Amino acid sequence: MDAAEALERSSVVWHGWFILRQNEIPIELHFVSGNSNFPIQCLSFEGPSANRVLEVQPLHKVKEFDFVHLNKRLQNLHEHCVLVGIPDESYTTYPMNKYLKAQQLHTYFVFFLKSKKSFGAIQLKRKEGSFTLYIFPNCEYSNMVLYRRVPEKMASLEDAAYLLFVIVKDK
């Protein structure tokens, strides 16, 4: 079972492009838990999904990050939103493209972030307030976050190509 099959019952809340360095991939974000209003409040829904972009610059080192603060925010359902990003299948025309896109996500995004021991963070300033969107590769931390929220899906997601997106509203 791949990530798309594991997430098929969770709602897709956003379609667009994810860019890291010079690599880009069409991605769909699936809602996992938390405040379901956060994606609506902070992600762009203007125009076709081909024009919606999340671009990460710069990267942040995992060893320098204060996970205690983020983990506290993850304890309150109203203070966070957890999403899983997988390749957007609406951009695939042939069945094999699904696997090629998953391989591309793994190689250019998941593996790259893991090898750099880094994660992405994007500051999003909107009329509803400021948000931080954290992007983690499939790693020990992201697996722990998902295991606490959707343990029944972890057998399928643990080794799949996915990115974990966490949105928190800045205070």
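Conventions adopted
Residues numbered from 1 in each chain as written. Predicted model: local features only at pLDDT ≥ 70, side-chain atom pairs only at ≥ 80, totals over all residues. Heavy atoms only, no water. UniProt positions renumbered as here; feature names shortened; annotations may be inferred. Phe/Tyr/Trp six-rings, centres within 6.5 Å; stacked < 30°, edge-to-face > 60°. Core = buried A, V, L, I, M, F, W, Y, C linked by side-chain atoms within 4.5 Å. Buried < 20%, exposed > 50% of the residue type's maximum accessible area, 1.4 Å probe, protein only. Helix = DSSP H or I, 4+ residues; strand = E, 2+ residues; numbered from the N terminus. Contact = heavy atoms within 4.5 Å. Arc of directions from axis to C-beta.

- In the nomenclature of an unreviewed UniProt entry, the chain corresponds to SPOC domain-containing protein from the organism Trichonephila clavata.
- Taken verbatim from the UniProt record of the chain, the Subcellular location (unreviewed entry) comment is "Nucleus".

**Notes on the packing of aromatic side chains**
The geometry of two aromatic rings is summed up by the distance between their centres and the angle between their planes.
Logical step 1: The full count for this structure, using the stated rule, is twelve aromatic pairs.
Logical step 2: Centroid distance F65 to F67: 4.8 Å. Interplanar angle 85°. Geometry classified as edge-to-face.
Logical step 3: The rings of F65, F67, F119, Y134, F136 and Y141 are connected pair by pair, giving a single aromatic cluster.

**With respect to the nonpolar core**
Logical step 1: Residues F18, L54, L133, L163 and F165 are the most contacted members of the largest nonpolar core, which totals 28 residues.
Logical step 2: Considering each element in turn, this core owes the most residues, five residues, to helix α4 (residues 95–115).
Logical step 3: The contacts of L133, once residues within four sequence positions are left out, are L43, L54, G120, A121, I122, L124, F165, V166 and I167.
Logical step 4: Counting residues in hydrophobic clusters, the runner-up holds 21 residues, among them V32, L74, F136 and V150.

**Observations concerning helix α3 (residues 67–74)**
Logical step 1: Of all the residues in α3, the buried ones are F67, L70, R73 and L74. Down the axis of α3, the sector holding all buried residues measures 125°, keeping them to one side. Structural note: α3 exposes V68 and K72 on the side pointing more than 90 degrees away from its buried face.
Logical step 2: In this structure, the buried side of α3 is in contact with β5 (80–87), β7 (129–137), α5 (140–149) and β8 (163–169).

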